[in-house]
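Single-letter residue listing:
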Amino acid sequence: MQKNGFTYILFSKKNGTLYVGVTSNLKERIIQHKEKNFDGFTKKYGIDKLGYFEEHSDMRHAIEREKSLRNLLRAKKIELIQSMNPEWEDLFYKL
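Residues numbered from 1 in each chain as written. Predicted model: local features only at pLDDT ≥ 70, side-chain atom pairs only at ≥ 80, totals over all residues. Heavy atoms only, no water.

Engineer: Which parts of the structure should I look at to understand helix α4 (residues 74-84)?
Structural biologist: Note on helix geometry: an α-helix contains 3.6 residues per turn, so any two residues three or four positions apart are oriented the same way. Every buried residue belonging to α4 is among Lys77, Ile78, Leu80 and Ile81, and all of these are buried. The buried residues of α4 occupy one face: seen down the axis, they fall within an arc of 155°. Here the buried face of α4 lies against β1 (5-11), β2 (18-23), β3 (49-56) and α3 (59-70). (Buried < 20%, exposed > 50% of the residue type's maximum accessible area, 1.4 Å probe, protein only. Helix = DSSP H or I, 4+ residues; strand = E, 2+ residues; numbered from the N terminus. Arc of directions from axis to C-beta. Contact = heavy atoms within 4.5 Å.)

Engineer: What is the right way to look at the pattern of salt bridges in this model?
Structural biologist: Side chains that differ in charge, positive against negative, can pair when their charged atoms come close. Counting across every chain of the model gives nine salt bridges. Put simply, Asp48 and Lys36 hold a salt bridge, and the shortest N to O gap is 3.2 Å. Taken together, the residues span a long stretch of sequence, with Asp48 in the loop between α2 (41-45) and β3 and Lys36 in the loop between α1 (26-34) and α2 at a distance of twelve residues. Assessed through its relative accessible area of 29%, Lys36 is described here as partly exposed. (Salt bridge = Lys/Arg side-chain N within 4 Å of Asp/Glu carboxyl O.)

Engineer: How should I be thinking about α3 in this particular structure?
Structural biologist: The terminal C-alpha atoms of α3, which comprises twelve residues, lie 16 Å apart, in line with the 16 Å expected from a rise of 1.5 Å per residue. Among the residues making up α3, those that are buried are Ala62, Glu66 and Leu69. Buried residues of α3, seen end-on, are gathered within an arc of 65° and therefore sit on one face of the element. In the core, the buried residues of α3 are packed alongside β1, β2, β3 and α4. Its side-chain oxygen 2.9 Å from the backbone nitrogen of Arg60, Asp58 forms the N-cap of α3. (Expected span 1.5 Å × (residues − 1). Polar contact = N/O pair within 3.5 Å; in protein donor to acceptor, adjacent residues only side chain to side chain.)

Engineer: Hey, could you run me through the pairing of β2 in this one?
Structural biologist: Within a regular beta strand, the side chains point alternately toward one face of the sheet and then the other, so they alternate between its two faces. Counting buried positions along β2 yields five of six residues, so the element is predominantly enclosed. Here six bridges tie β1 to β2, and the two strands are oriented antiparallel to one another. Pairing of Phe6 across the sheet is with Thr23, part of β2. Hairpin connection between β1 and β2: a loop of six residues separates the two successive antiparallel strands, and Asn15 in this loop has a positive phi of roughly 60°. (Pairing = 2+ DSSP bridges.)

This is the structure:
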């Protein structure tokens with residue numbers, strides 16, 4: 001049985017620091033970022049707002065997409081956020 005996956009982009013503030021991630025449970029993972037459960041980049045830079053996400057039919061596709069998103073220029077990542085979220089709201093609260 002294949003498990004759905006999500007790719008996502010977090011931000012610290014509008015046009016601030018960005019982070020690209022992948023998970024099988026988007027809500028739970030964003031809560032972990034918000035609660036600063038793990039040491040690392042997102043905790044260090046206060047990156048905990050969900051700006052953009054995609055759902056994929058299986059984790060393999062989600063991981064492939066995460067890799068391609070990570071390789072995008074910053075400007076392209078910002079374009080993705082603005083295409084889904086022009087006001088830079090924290091989409092976590094709309095899930």
